[in-house]
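# Architecture and fold: a report
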Amino acid sequence: MPSVKLKHSSSDTLSSSSADSVRLLSRETLRISASLASPPDDLLPPPPQSLPDSHFLQSTLKLICCEEIDGRRWKYVAESDGSGRFKRNSVRAISLESPQTPFDEVGSFLRSYVVPEGFPASVNESYVPYMTFRALKHFFGGAMGVFTTQTLLNSVGASRNSSASAAVAINWILKDGAGRVGKMLFARQGKKFDYDLKQLRFAGDLLMELGAGVELATAAVPHLFLPLACAANVVKNVAAVTSTSTRTPIYKAFAKGENIGDVTAKGECVGNIADLMGTGFSILISKRNPSLVTTFGLLSCGYLLSSYQEVRSVVLHTLNRARFTVAVESFLKTGRVPSLQEGNIQEKIFTFPWVEDRPVMLGARFKDAFQDPTTYLAVKPFFDKERYMVTYSPTKGKVYALLKNQANSDDILKAAFHAHVLLHFMNQSKVGTLKSVEQPDPDFAPVVHELESRIAESCEMVSTSYGVFKSRAAEQGCRMSESLLNPGRARLCNAHEEVE
C-alpha cells in the first residue's frame, strides 16, 4: 500500500475570534445533522483517502467518523483550512443524542449498582425473583439486627433505660451501617471480579489489613472512635465483597467435575479451622502483653505474604488482559505460548484493575486515540477490511485498538493481538531492539509515514501469525474470551449508518 503523504497546516488553533468560532461550530453542526437525517441515496462509500462524508468537502468543519457507546452516538468533526488540509488538534466530538434527564441519570446510576452488566440479557429469568426475595430477607434481617444489638449490649450490664446504652447501640449500628454502604459501593466493580480476580483478591486483602490498622488506631484517639470505626468497617466490608466475589471462580478452577459445592465447603472448612487456631495463638501471646505495633506488623506481613502466594498458586485456564499479554509477549519473542502454569506465574498481581495506565487500550474512544484527523485518515485504509483498527499515540506511549460496531468475539481478540504486535514494532523502532511491552518510550514521536510503515508491518505479521497464536494457545489449554479482556464499549460506525 503506498504511503500517504499528509502535511499539517501551519495554523494549530481555531479562529482567534471565539464568538465567530462558536457561531461557526453551531452552524456546521446543524448542517451535518440535517445531512445525516437525509435519505442515504447520495451517501456512497468514500474512496480510501477521502473523508467519510463528501457532503462537507466545501465546509470548514468536515465529518470524520461517528461513534456509539451503549446506544448513544457521537460524531467527530475536524476543521479544514480551506485547501483540503486539516488543522492539528481540531477534532471535536458532538453528541447526536439529547442530554439525559435527571431521572434517567439516576436510573442509570442505580442500575450500575443493583443489576449485572448487560442485564437482562446477561442473566436468566430466575434472577429477578431470586433477588427480590433476597432483598426482602435482608430487609427483615437488618431490622431485626437493631434489636438484637441493643439486647446484647443490655445483657453485658448496660441499663435498658440508660441514655449511654442507647448512644452506644446507635454508634455500633452506625458503624455496621457504614460498612454495608462500603460493601454496596464496591459492588459496582462488576465484571472486574471475573476477569481480574487475582488482582482484586490481593487488593482486598490489602484493604483488610488497612481496616485492621484503622481499628487499632482507635486506642490512641478514643474520642474519634465512631468516625474511625466507621472508616475501618467500610474498608473491611469492601475487602469482604472482594473475597466473596472471587471465591467461587477460584474454587471452580479446582473442581474437575460437578463437585464445586463440595470443593467450596471443604475450602471454607479449612479456612475456619485455621482461623480458630490463629485466634487461640493470639490469646496465648496476648497474655505476655507484647508490643501492639510490633505484633500487628509481624502478623500483617505474614498475612499479606500468604495472600500473595495464595493467589499466585491459582492456575486459571482463561486469558484475561494480564495473562493474554504474557502469552502474546512470549509468542512474539520465542514463537511459543507459555503453559498455563507458566502464564499464571508470570501474571502481575500488583496491577490493580481500576488503574488505567496500560500500554494497550482495547475498545478505546476515538477522541483518546486520535488528536489529529490526518493520522486517522492515514491509518484508516489499512483496516478497511477489518472490523477494528489500531494506532499508536507517541505522546502517551500507548497503542489504541478501536472496535467497529460489527466486531464480533474473534474480531476483538484479533484487535487485542494486533495491538500488542504494533506495540512490539513501535518499541523496536527507536533502537532496533525489542523493548519491554510494559515500558513504551513516550519521548519517541514517529511521524505519520513512519507510523504507516509500522502499521503495515504489523498487518502483515498479524495476517500470518494470528491463527498460529490461537492454535498454540489452544494446545496449551488456554480458553480465550473477549469479555475477559474487558474491552471498552465504544464502537466506530460509518456516517451512512446514522441514517439507517
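Residues numbered from 1 in each chain as written. Predicted model: local features only at pLDDT ≥ 70, side-chain atom pairs only at ≥ 80, totals over all residues. Heavy atoms only, no water.

## Some thoughts on the environment of Lys75
Secondary-structure assignment places Lys75 in strand 2 (residues 72-79). Distance in space between the C-alpha atoms of Lys75 and Ser95 is 6.5 Å, their sequence separation being 20 residues. (Helix = DSSP H or I, 4+ residues; strand = E, 2+ residues; numbered from the N terminus.)

## A short note on the pairing of strand 5 (residues 388-393)
Each regular strand shows side chains that alternate between the opposite faces of the sheet. Among the six residues in strand 5, six count as buried, and that is most of the element. Alternating positions in strand 5 separate into two faces, Tyr388, Val390 and Tyr392 on one and Met389, Thr391 and Ser393 on the other, with burial throughout. By the bridge criterion, six bridges tie strand 5 to strand 6 (residues 398-403) in an arrangement that is antiparallel. Each residue of the ladder has a partner; that of Ser393, found in strand 6, is Lys398. Linking two consecutive strands that pair antiparallel, namely strand 5 and strand 6, is a turn of four residues; a positive phi of about 65 degrees is found at Gly397 within it. (Buried < 20%, exposed > 50% of the residue type's maximum accessible area, 1.4 Å probe, protein only. Pairing = 2+ DSSP bridges.)

## Re helix 14 (residues 409-428)
With 20 residues, helix 14 should cover 28 Å at 1.5 Å per step; its first-to-last C-alpha distance of 29 Å lies within 8% of that length. Most of helix 14 is tucked away: 17 of the 20 residues are buried. The N-capping residue of helix 14, defined by a side-chain oxygen 3.2 Å from the backbone nitrogen of Asp410, is Asn408. (Expected span 1.5 Å × (residues − 1). Polar contact = N/O pair within 3.5 Å; in protein donor to acceptor, adjacent residues only side chain to side chain.)

## Topic: the confidence of the model for the protein
Averaged over every residue, the pLDDT of the protein is 75; residues scoring 70 or more account for 68%. Across residues 1-19, where pLDDT falls below 50, the model places 26 contacts with residues more than four positions away in sequence or in other chains. Low pLDDT (under 50) marks residues 431-445, which in the prediction has 34 contacts with non-local residues, meaning those over four places away or in another chain. (pLDDT = per-residue confidence, 0-100. Contact = heavy atoms within 4.5 Å.)

## A closer look at the packing of aromatic side chains
For any two aromatic rings, the description comes down to two numbers: the centre-to-centre distance and the angle of the planes. On inspection of all chains with the given rule, the structure shows 14 aromatic pairs. Arranged with centres 5.2 Å apart and planes meeting at 85 degrees, the rings of Phe202 and Phe350 form a pair that is edge-to-face. Taken together, the residues span a long stretch of sequence, with Phe202 in helix 6 (residues 197-217) and Phe350 in the loop between helix 11 (340-346) and strand 4 (360-362) at a distance of 148 residues. Note on Phe202: relative accessible area 3%, which makes it buried. With a centroid separation of 5.8 Å and 80 degrees between ring planes, the pair formed by Phe324 and Phe469 is classed as edge-to-face. Placement of the pair is Phe324 in helix 10 (residues 321-334) and Phe469 in helix 15 (residues 448-475), with a sequence separation of 145 residues. With a relative accessible area of 2%, Phe324 lands in the buried category. Between Arg365 and the ring centre of Trp74, over which it is positioned, the NZ or CZ distance is 4.6 Å. (Phe/Tyr/Trp six-rings, centres within 6.5 Å; stacked < 30°, edge-to-face > 60°. Lys NZ or Arg CZ within 6 Å of the ring centre and 35° of its normal.)

## Considering the pairing of strand 7 (residues 490-493)
Burial of strand 7 is two-sided: the residues Ala490 and Leu492 facing one way and the residues Arg491 and Cys493 facing the other way are all buried. Judged from the four bridges that link them, strand 1 (residues 61-69) and strand 7 form a sheet pairing that is antiparallel. Opposite Glu67, over in strand 7, you have Leu492 as the bridge partner.

## Examining the sheet that holds strand 3 (residues 92-95)
Taking strand neighbours across the sheet as the criterion, the four strands line up as 3-2-1-7 in an open arrangement whose pairing is antiparallel. Each end of this open sheet is capped by a strand with a single partner; those strands are strand 3 and strand 7. The mean inter-strand angle of the sheet, taken between neighbouring strand axes irrespective of direction, is 35 degrees. (Axes fitted to C-alpha atoms, helices over the stretch in contact; angles between N-to-C directions.)

## With respect to the nonpolar core
Phe366 and Phe417 are the most contacted members of the largest nonpolar core, which has 58 residues in total. Top element by residues in this core is helix 14. It accounts for eleven residues. Counting contributing residues per domain, this core is built from domain 1 (61-111) and domain 3 (321-433 + 444-484), each supplying no fewer than three. Ranked by size, the runner-up nonpolar core spans five residues in total, among them Leu63, Val77, Ile94 and Cys493. (Core = buried A, V, L, I, M, F, W, Y, C linked by side-chain atoms within 4.5 Å. Domains from an automatic or database assignment.)

## Regarding helix 7 (residues 225-254)
Spanning 30 residues, helix 7 covers 42 Å between terminal C-alpha atoms, matching the ideal 44 Å at 1.5 Å per step. At Arg247, helix 7 shows its strongest bend, of approximately 35 degrees, with the proline Pro249 following within four residues. (Bend = angle between axes of the 7 residues up to and from the residue.)

## Concerning the sheet that holds strand 5
In space, the three strands of this open sheet follow the order 4-6-5, with mixed pairing throughout. Edge positions in the sheet fall to strand 4 and strand 5, since each of these pairs with one other strand and no more. Taken over all neighbouring pairs, the strand axes of this sheet differ in orientation by 15 degrees on average, direction set aside. Strands strand 4, strand 5 and strand 6 of the sheet are contacted by helix 14, whose axis makes an angle of about 25 degrees with strand 5.

## As for the side chain of Arg454
Tracing the sequence through the fold places Arg454 in helix 15. Take Arg454: its relative accessible area is 18%, and that puts it in the buried class. Discounting residues that sit within four places of it in the chain, Arg454 has contacts with Leu422, Phe425, Met426 and Ser429.

## So, the pattern of salt bridges
Within this structure, the stated rule accounts for 15 salt bridges. A salt bridge links Glu347 to Arg323; the shortest N-O distance between them is 2.8 Å. One end of the pair, Glu347, is in the loop between helix 11 and strand 4; the other, Arg323, is in helix 10, with 24 residues separating them in the sequence. By relative accessible area, which is 3% here, Glu347 ends up buried. Its salt-bridge partner being Arg387, residue Asp411 comes within 3.4 Å of it at the nearest N-O pair. In this pair, Asp411 is assigned in helix 14 and Arg387 in the loop between helix 13 (373-379) and strand 5, connecting sequence segments 24 residues apart. (Salt bridge = Lys/Arg side-chain N within 4 Å of Asp/Glu carboxyl O.)

## Considerations on the packing of helix 6 against helix 7
A pair of packed helices is captured by two measures, namely the crossing angle of their axes and the spacing between those axes. In contact at an axis separation of 8 Å, helix 6 and helix 7 are set at 155 degrees when each is read in the N-to-C sense. Viewed along their axes, helix 6 and helix 7 adopt a mutual orientation that is roughly antiparallel. Handedness of the helix 6/helix 7 crossing: left-handed. Contact residues: helix 6 offers Leu197, Leu200, Arg201, Gly204, Leu207, Met208, Leu210, Gly211, Ala212, Val214, Glu215 and Ala217, while helix 7 offers Leu228, Ala232, Val235, Lys236, Val238, Ala239, Thr242, Ser243, Thr246, Arg247, Pro249 and Ile250. A breakdown of the residues in the contact of helix 6 with helix 7 according to their chemical character gives 15 nonpolar, five polar and four charged. (Parallel < 35°, antiparallel > 145°, perpendicular 65-115°, else oblique. Left-handed = near helix turned anticlockwise from the far one by under 90°. Nonpolar A, V, L, I, M, F, W, Y, C, P; charged D, E, K, R; others polar.)

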